Amino acid sequence: QVQLVESGGGLVQAGDSLRLSCAASGRTFSAYNMGWFRQAPGKERDFVASISWNSFVTRYADSVKGRFAIARDNAKNTVFLQMNSLKPEDTAVYYCGAQIRGIVGSTDKGDFGSWGQGTQVTVSS
């Protein structure tokens, strides 16, 4: 199992950009499809983006398509989430997870595990 630590969150204004990182340690990171999810106060944890182990397949929630980009560097055991044109509705705690079941491209948080502690993103209007 991998251990995951997210970083890169912060307080920004609408229209700004942030780059989140998720550093992995433990078992072979490169074997896992990875995902980013987010959770706003009082809401469910929702899918944001995912990337296959070899970066061949990426998937995005409709709400972030065209603004966010997921990438990974297997040599550095890290997955990234570049977030551009941020909106107040992007405010949430962002979590990365390793896919432990299901098919490539799954958006189901139940297919992911080894969650990190999360990183807070706050976008002011």
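In short, a report on the structure. Everything quoted here is computed from the prediction, not taken from an experiment.

By size, the foremost hydrophobic cluster in this structure holds 32 residues, and its most contacted members are Met 34, Trp 36, Leu 81, Met 83 and Tyr 94. Among the elements of the structure, β1 (2–7), β3 (18–26), β4 (34–39), β5 (45–51), β7 (68–73), β8 (78–83), β9 (92–99) and β11 (119–124) are those that each provide at least two residues to this core. In this structure, Met 34 is in contact with Leu 4, Cys 22, Phe 29, Ala 49, Ser 50, Ile 51, Ile 70, Arg 72, Val 79, Gly 97, Ala 98 and Phe 112, ignoring residues within four places of it in sequence.

Burial of β4 is extensive: five of the six residues sit out of reach of the surface. In the sheet, β4 pairs with β5 via six bridges, with the strands oriented antiparallel. Bridging across to β5, Gly 35 finds its partner in Ser 50. The hairpin formed by β4 and β5 contains five residues between the paired strands, and Gly 42 there has a positive phi angle of roughly 75°. Bridge count between β4 and β9: six bridges; the pairing is antiparallel. By the bridge assignment for β9, Met 34 is matched with Ala 98.

Criteria and thresholds
Residues numbered from 1 in each chain as written. Predicted model: local features only at pLDDT ≥ 70, side-chain atom pairs only at ≥ 80, totals over all residues. Heavy atoms only, no water. Core = buried A, V, L, I, M, F, W, Y, C linked by side-chain atoms within 4.5 Å. Buried < 20%, exposed > 50% of the residue type's maximum accessible area, 1.4 Å probe, protein only. Helix = DSSP H or I, 4+ residues; strand = E, 2+ residues; numbered from the N terminus. Contact = heavy atoms within 4.5 Å. Pairing = 2+ DSSP bridges.

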